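Structural overview
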Amino acid sequence: MANVHMILQGKGGVGKSFIASLLAQHKAAEGQKNLCIDTDPVNATFAGFKALNVKRLELMEADAINSRKFDDLVELIASSSRDVIIDNGASTFIALSHYLISNQIAKLLQEMGHRLVIHTVITGGQAFQDTLNGFNQLVTHFNEEVKFVVWINPYWGEVKIDNKNFEDLKVYLDHKDKISAIVRIPNLKQETFGADLKEMLKSRLTFAEAIPKKELTIMMRQRLKIISVQIFKQLTHLEAALS
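Every value quoted in this text rests on a predicted model; they were computed, and no experiment measured them.

This part is about the overall build of the protein. Along its length, the protein carries nine helices and 11 strands. Computed over C-alpha atoms, the radius of gyration of the protein comes to 17 Å, within 12% of the 18 Å expected from 2.2 N^0.38 for 243 residues, which places it in the range of a compact globule. Of all 243 residues assigned to the protein, the portion counted as buried reaches 51%. Once local pairs closer than 6 in sequence are excluded, the contacts in the protein between residues at least 24 apart make up 73%. Carbon and sulfur atoms make up 49% of the accessible area of the protein, which totals about 12,000 Å². When the 29 positive and 27 negative side-chain charges of the protein are each reduced to one mean point, those points stand 5 Å apart.

Structure (structure tokens):
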């Protein structure tokens, strides 16, 4: 069974492309070859990682989203015997979500021997409520054929409200049976770990490219190695949970 990993969140700038790249990097490090697709018509960040060989799927026609072009995405998935990783932009979130639900894509993929895994992001700071609402919309409208993975991203602040973590909130407790795993992006010290990661991502480098790079300082490479170990360990557990 091939897993179709789709990153969906209606809020822009919350780390969706970063998550897609992490999934692809971890699978590559495990020796897996995957089909990587970028459907973001505005910021094709995922496609910028040359080492990940990402295919860009154009969804725009005459400055508008042509929902019929999502059919091309299904054709790509159907022809793949490998796991698929799809990064979707905020501008196509509503259109793609509607397409997936109204066309019963999760059920169709299941009939093909595939499984749809939706990854969504919850962030801290001002976007907390927006990302929480985005998660609630997704988990409410998709049926039992879909597995969910929630990513906690503390880059913009603590991911909690009224001293309650995500797992303490009603929206999680109501839907926890649909959630296969929670992945926590490390809360990075911005002047060191965070700055190093930001520089790596700005250059569209993977950990496998950046860590051996002699042009980087010893400590920068060391911190990137620590970050990758912390995240990839969780993704190994995720793979086990989805197997």
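As a further point, take helix 7 (residues 190-202). Compared with the 18 Å implied by 1.5 Å per residue over 13 residues, the 15 Å span of helix 7 between its first and last C-alpha is markedly short. Positioned one or two residues after helix 7, R204 has a phi angle of 55°, which is positive.

Model confidence for the protein is summarised by a mean pLDDT of 93, while 100% of its residues fall at 70 or above. Of all the helices and strands in the protein, strand 4 (residues 60-61) carries the lowest mean pLDDT, 78, while helix 8 (residues 207-210) carries the highest, 98.

Looking now at the layout of surface pockets. Considered as a void within the structure, the largest pocket measures approximately 770 Å³ in volume. Looking at the largest pocket, it is lined by 32 residues, and the ones nearest its centre are G13, G15, F18, W156 and L201. The set of elements that each furnish at least two residues to the lining of the largest pocket consists of helix 1 (16-29) and helix 7. Among the elements that line the lining of the largest pocket, the one with the most residues is helix 7, at six residues. Among the residues making up the lining of the largest pocket, the classes are represented as 13 nonpolar, 13 polar and six charged. Within this model, the second largest pocket holds a volume of roughly 190 Å³. For the lining of the second largest pocket, the elements supplying multiple residues, two or more each, are helix 1 and strand 2 (35-38). Taken together, the residues that form the lining of the second largest pocket break down as six nonpolar, three polar and two charged.

One open sheet holds the seven strands; their spatial order is 3-2-6-1-7-8-11, and the pairing between them is parallel. Edge positions in the sheet fall to strand 3 (54-56) and strand 11 (179-184), since each of these pairs with one other strand and no more. The mean inter-strand angle of the sheet, taken between neighbouring strand axes irrespective of direction, is 20°. Two strands pair when backbone bridges link them, and strand 7 (residues 114-123) and strand 8 (residues 147-153) are joined in this way by seven bridges, in the parallel orientation. Each bridged residue has a counterpart across the sheet, and for H119 the counterpart in strand 8 is V149. Helix-sheet contacts for helix 1 involve strand 1 (2-7), strand 2, strand 6 (84-87), strand 7 and strand 8, and the interaxial angle to strand 6 is about 165°. Helix 5 (residues 128-141) rests against strand 7, strand 8 and strand 11 of the sheet, and its axis sits at about 160° to strand 7.

Right, let's get into the side chain of S228. Among the secondary structure elements, S228 is positioned in helix 9 (residues 218-242). Accessibility expressed as a relative area gives 7% for S228, which makes it buried. There is a polar contact of 2.8 Å between the side chain of S228 and the backbone oxygen of K225. Sequence-distant contacts of S228, that is, excluding residues within four places in its chain, are made with F207 and I211.

Calculation criteria
Residues numbered from 1 in each chain as written. Predicted model: local features only at pLDDT ≥ 70, side-chain atom pairs only at ≥ 80, totals over all residues. Heavy atoms only, no water. Helix = DSSP H or I, 4+ residues; strand = E, 2+ residues; numbered from the N terminus. Rg over C-alpha atoms; globule rule 2.2 N^0.38 Å. Buried < 20%, exposed > 50% of the residue type's maximum accessible area, 1.4 Å probe, protein only. Contact = heavy atoms within 4.5 Å. Areas by Shrake-Rupley, 256 points an atom, 1.4 Å probe, with all protein chains shown as cover. Lys, Arg positive; Asp, Glu negative; His and termini not counted. Charge placed at Lys NZ, Arg CZ, Asp CG, Glu CD. Expected span 1.5 Å × (residues − 1). pLDDT = per-residue confidence, 0-100. 1 Å grid on protein atoms, 1.4 Å probe; cavity = no way out; pocket = protein on both sides within 12 Å on 5 of 7 lines; lining within 4 Å. Points joined across faces, edges and corners; volume = space filled by probe spheres on them. Nonpolar A, V, L, I, M, F, W, Y, C, P; charged D, E, K, R; others polar. Pairing = 2+ DSSP bridges. Axes fitted to C-alpha atoms, helices over the stretch in contact; angles between N-to-C directions. Polar contact = N/O pair within 3.5 Å; in protein donor to acceptor, adjacent residues only side chain to side chain.

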